[in-house]
Amino acid sequence: MEITPNFQPGQIVSLEHGDSRLYAEVIQVVVSRQLCWVRPLLLVVNSSEPPLIHDLREASDLLWPVNLFQPALDTEVISILSQVLAKEPTPGIDSTSKQLLNQFINQVWQAYKSQ
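Keep in mind it's a predicted model, so treat the numbers as computed, not measured.

Trainee: Lay out the overall build of the chain in plain terms, naming residues and giving numbers.
Mentor: Along its length, the chain carries two helices and six strands. Order of helices (α) and strands (β) in the chain, N terminus to C terminus: β-β-β-β-β-β-α-α. Burial statistics for the chain: of 115 residues in total, 34% are counted as buried. Sequence separation of 24 or more characterises 59% of the internal contacts of the chain that already satisfy a separation of 6 or more. When the accessible surface of the chain is summed, it comes to about 7,200 Å², and 52% of that surface belongs to carbon and sulfur atoms.

Spelled out as structure tokens, the structure:
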């Protein structure tokens, strides 16, 4: 029996793959389909020091399998979110961030499909 995470709207969750982690806000959990509707907030790429943080607040929402997400711990996101949320979102997502989000999503999907 698979246990479904009990996410609540407004909760911050993360999706990790390789050296990157996507942080997103839960909009709704579609229990009947085991999907999570999330709004991307930021993508943290840990391949360099300091980690690169990409603001994704203007990116499109995602509908992903709920079991791929994990709850984000306050201690891991407060400092990152405070850096990004202190700034006003720029109108439209910049092309580099959009490209990185697309690459990340494609990599996660390929890994998920092959399981």
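Trainee: An account of the pairing of strand E1 (residues 12-17) is needed here, citing residue identities and associated values.
Mentor: Across six bridges, the pairing between E1 and strand E2 (residues 20-30) is antiparallel. Along E2, the bridge assignment pairs Glu-16 with Arg-21. Between the antiparallel neighbours E1 and E2 lie two residues, among them Gly-18 with a positive phi of about 60 degrees.

Trainee: Describe the pattern of salt bridges, listing the residues and the values that go with them.
Mentor: For the coordinates displayed, the defined rule picks out four salt bridges. Here Arg-21 and Glu-16 are joined by a salt bridge, their closest N and O atoms 2.4 Å apart. For Glu-16, a relative accessible area of 44% gives the class partly exposed. A salt bridge links Arg-21 to Glu-76; the shortest N-O distance between them is 3.2 Å. Of this pair, Arg-21 sits in strand E2 while Glu-76 is found in helix H1 (residues 74-85), placing the two residues 55 residues apart along the sequence. Glu-76 gets classed as partly exposed once you look at its relative accessible area, which sits at 23%.

Trainee: Explain the side chain of Ser-20 residue by residue, including any values.
Mentor: With respect to the helices and strands, the residue Ser-20 is situated in strand E2. A polar contact is formed between the side chain of Ser-20 and the side chain of Asp-19, at a distance of 3.4 Å. Once residues lying within four places of it in the same chain are set aside, the contact partners of Ser-20 are Leu-15, Leu-43, Val-44, Val-45 and Phe-104.

Trainee: A description of the packing of aromatic side chains should follow, citing residues and the corresponding values.
Mentor: Taken as a whole and assessed by the stated rule, the structure comprises two aromatic pairs. Where Trp-64 meets Trp-109, the ring centres are 5.4 Å apart and the plane angle is 80 degrees; that geometry is what we call edge-to-face. In this pair, Trp-64 sits in strand E5 (residues 62-65) while Trp-109 sits in helix H2 (residues 95-113), placing the two residues 45 residues apart along the sequence. Trp-64 gets classed as buried once you look at its relative accessible area, which sits at 6%.

Trainee: Hey, could you go over the nonpolar core for me, with residue numbers and the actual values?
Mentor: In this structure, Leu-22, Val-38 and Phe-69 are the most contacted members of the largest nonpolar core, which totals 20 residues. Elements that contribute at least two residues to this core include exactly E1, E2, strand E3 (35-45), E5 and H2. Those residues within four positions of Leu-22 in sequence are excluded, and the remaining contacts are Val-13, Ser-14, Leu-15, Pro-40, Leu-42, Leu-43, Leu-56, Leu-62, Leu-101, Phe-104 and Ile-105. One finds Ile-12, Val-44, Ala-72 and Ile-80 within the second-largest nonpolar core, a separate group that totals 10 residues.

Here is what the cut-offs are and how they apply
- Residues numbered from 1 in each chain as written.
- Predicted model: local features only at pLDDT ≥ 70, side-chain atom pairs only at ≥ 80, totals over all residues.
- Heavy atoms only, no water.
- Helix = DSSP H or I, 4+ residues; strand = E, 2+ residues; numbered from the N terminus.
- Buried < 20%, exposed > 50% of the residue type's maximum accessible area, 1.4 Å probe, protein only.
- Contact = heavy atoms within 4.5 Å.
- Areas by Shrake-Rupley, 256 points an atom, 1.4 Å probe, with all protein chains shown as cover.
- Pairing = 2+ DSSP bridges.
- Salt bridge = Lys/Arg side-chain N within 4 Å of Asp/Glu carboxyl O.
- Polar contact = N/O pair within 3.5 Å; in protein donor to acceptor, adjacent residues only side chain to side chain.
- Phe/Tyr/Trp six-rings, centres within 6.5 Å; stacked < 30°, edge-to-face > 60°.
- Core = buried A, V, L, I, M, F, W, Y, C linked by side-chain atoms within 4.5 Å.

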